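Examining the three-dimensional arrangement
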Amino acid sequence: MLRIVADLGNSRLKWGRVDRTGKVVESLALPNDNPEAWAVTWSRWNPDQVASRWAITTVNPPVAEQLATFLADRNVGEVTWYRSAADVPTKHQLEAPETAGADRALAVGAAVAMHPPGRPGLIVSCGTAITVERVSADGIWQGGAIAPGLALSSRALHLLTAQLPLIIPCEAPPPWGRSTRPALEAGLFWGVVGAIRELLTRQAVGLSPSPWLVWTGGDASILASTIEWDGAVVVPDLVLDGLAQVAFPLI
Ligand SMILES: Nc1ncnc2c1ncn2[C@@H]1O[C@H](COP(=O)(O)OP(=O)(O)OP(=O)(O)O)[C@@H](O)[C@H]1O
Ligand SMILES: CC(C)(CO)[C@@H](O)C(=O)NCCC(=O)O
């Protein structure tokens, strides 16, 4: 039986296949707004239309409806949805888990599972929004911070001003520029790095021994290298890994 995990965010839809050992393999990102692209990938993954089981985490209800229709049209009957942190067994101290993102809870769950017990941790997820999550030494998610992501900040500056162009930051730029474009690149990129650094520093206060750090999300590869942190790792499929552990546990 094909087992699929999917992470429906605000920018992209990530899919992965779960192999016999419970590992997520062949993960890829698809556009959120293009069911034709989903169909092409799905017929490539499942050319013989064998039975499949899906586990889907979503923070995007309108696109989730489209995805539900897409799967129903393809006779996928076994779908489990994770729509908020309340649907995820990650231990937490949140006030209202039913309003918190399931993706956040799954990322925390996967990061905690990667580390031996007894050490606190921090998780930075660099997606449409950036989240920085705090985990206590006894493995409990204490909550986090939600900030604007790199592409979103760039789009906001472009859309809400008359003269600022749209730029796509793709690598660490010099910290100032002598014209609009490099000045914008500097402000966007280093502004986001500064926000993450500040949140990490402040959330680490009171955590002992020193917290581990896991990065994930579409912008993790360019942002992680800017902040020095002993033993920090980038795990691109952290949310899918967490989902596979929760939805398809090894028995
Ligand atoms: N091919 C791509 N298409 C879209 N975004 C990309 C791409 N490659 C890198 N990115 C970056 O990835 C970020 C989005 O990350 P990701 O796909 O992890 O977010 P998401 O899961 O959709 O968002 P969220 O979980 O915050 O709702 C954007 O800020 C963008 O800069
Ligand atoms: C913060 C994001 C956008 C990160 O993907 C998502 O988890 C979300 O929409 N969460 C709902 C609000 C919350 O987590 O408290």
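Summary of the structure given here.

What counts, and at which threshold
Residues numbered from 1 in each chain as written. Chains lettered and ligands numbered in written order. Predicted model: local features only at pLDDT ≥ 70, side-chain atom pairs only at ≥ 80, totals over all residues. Heavy atoms only, no water. Near = heavy atom within 4 Å. Polar contact = N/O pair within 3.5 Å; in protein donor to acceptor, adjacent residues only side chain to side chain. Areas by Shrake-Rupley, 256 points an atom, 1.4 Å probe, with all protein chains shown as cover. 1 Å grid on protein atoms, 1.4 Å probe; cavity = no way out; pocket = protein on both sides within 12 Å on 5 of 7 lines; lining within 4 Å. Sits in = over half its atoms within 2 Å of the grid points. Helix = DSSP H or I, 4+ residues; strand = E, 2+ residues; numbered from the N terminus. Nonpolar A, V, L, I, M, F, W, Y, C, P; charged D, E, K, R; others polar. Phe/Tyr/Trp six-rings, centres within 6.5 Å; stacked < 30°, edge-to-face > 60°. Buried < 20%, exposed > 50% of the residue type's maximum accessible area, 1.4 Å probe, protein only. Arc of directions from axis to C-beta. Contact = heavy atoms within 4.5 Å. Salt bridge = Lys/Arg side-chain N within 4 Å of Asp/Glu carboxyl O. Pairing = 2+ DSSP bridges. Axes fitted to C-alpha atoms, helices over the stretch in contact; angles between N-to-C directions. Points joined across faces, edges and corners; volume = space filled by probe spheres on them. Domains from an automatic or database assignment.

**With respect to the site of ligand 2**
- Near ligand 2 the following residues occur: Asn10, Val59, Thr99, Ala100, Gly101, Asp103, Arg104, Ala129, Thr131 and Ile146.
- Residue glycine 101 places a main-chain N or O atom 2.8 Å away from an oxygen atom belonging to ligand 2.
- The contact in question runs from an oxygen atom of ligand 2 to an N or O atom on the side chain of arginine 104, over 2.8 Å.
- If ligand 2 stood free it would expose 380 Å²; the protein chains cover 71% of that surface.
- Among the detected pockets, ligand 2 sits in the largest pocket.
- Those elements giving two or more residues to the shell around ligand 2 turn out to be α3 (102-113) and β7 (129-135).
- Here the residues of the shell around ligand 2 are counted per class, giving four nonpolar, four polar and two charged.

**Thoughts on the packing of aromatic side chains**
- Summed over all chains, the structure comprises six aromatic pairs.
- Ring centres of tryptophan 15 and tryptophan 42 lie 6.4 Å apart, and the angle between their planes is 85°; this geometry places the pair in the edge-to-face category. Of this pair, tryptophan 15 sits in strand β2 (residues 12-18) while tryptophan 42 sits in helix α1 (residues 35-45), and the two are 27 residues apart along the sequence.
- Overall, the relative accessible area of 0% leaves tryptophan 15 in the buried class.
- Assessed through its relative accessible area of 6%, tryptophan 42 is described here as buried.
- Here the aromatic rings of tryptophan 42 and tryptophan 54 are separated by 5.1 Å at their centres, their planes lie at 65°, and the arrangement is edge-to-face. With tryptophan 42 in helix α1 and tryptophan 54 in strand β4 (residues 52-58), the pair connects residues that are 12 residues apart, well separated along the chain.

**With respect to α1**
- For α1, the complete set of buried residues consists of Ala37, Trp38, Thr41, Trp42 and Trp45. Taken down its axis, α1 places every buried residue within 130° of arc, on the same side. Among the exposed residues of α1, those pointing more than 90 degrees away from its buried face are Glu36, Val40 and Arg44.
- Lining the buried residues of α1 we find β1 (2-8), β2, β3 (24-31), β4 and α2 (61-73).

**A word on the pattern of salt bridges**
- Tallying each qualifying case throughout the model produces five salt bridges.
- A salt bridge links arginine 17 to glutamate 26; its shortest N-O distance comes to 2.9 Å.
- Using a relative accessible area of 45% as the deciding quantity, one classes glutamate 26 as partly exposed.
- A salt bridge links glutamate 78 to arginine 53, with the shortest nitrogen-to-oxygen separation between them at 3.2 Å. Placement of glutamate 78 in strand β5 (residues 78-82) and of arginine 53 in strand β4 is noted, with a sequence separation of 25 residues between them.

**Concerning the sheet that holds β3**
- Taken in spatial order, the five strands make up an open sheet running β3-β2-β1-β4-β5, and their pairing is mixed. The open sheet is flanked by β3 and β5, the only strands paired with a single partner. With direction set aside, neighbouring strand axes in the sheet form an average angle of 20°.
- Here six bridges tie β2 to β3, and the two strands are oriented antiparallel to one another. Within β3, the position partnered with arginine 17 by the bridge is valine 25.
- Of the strands in this sheet, β1, β2, β3 and β4 touch α1, which is tilted by about 160° from β3.
- Sitting on the sheet, helix α7 (residues 238-247) is in contact with β1, β2, β3, β4 and β5, with an inclination near 130° to β1.

**Quick word on the layout of surface pockets**
- Quantified by volume, the largest pocket comes out at close to 1,000 Å³.
- Along the walls of the largest pocket sit 46 residues, with Lys14, Cys126, Gly127, Thr128 and Gly218 positioned nearest its centre.
- Put simply, the parts of the chain that give the lining of the largest pocket at least two residues each are β2, β3, α3, β6 (121-126), β7, α4 (150-159), α6 (220-224) and α7.
- Considered class by class, the residues forming the lining of the largest pocket number 22 nonpolar, 15 polar and nine charged.
- Taken domain by domain, the lining of the largest pocket gets at least three of its residues from each of domain 1 (2-84) and domain 2 (115-234).

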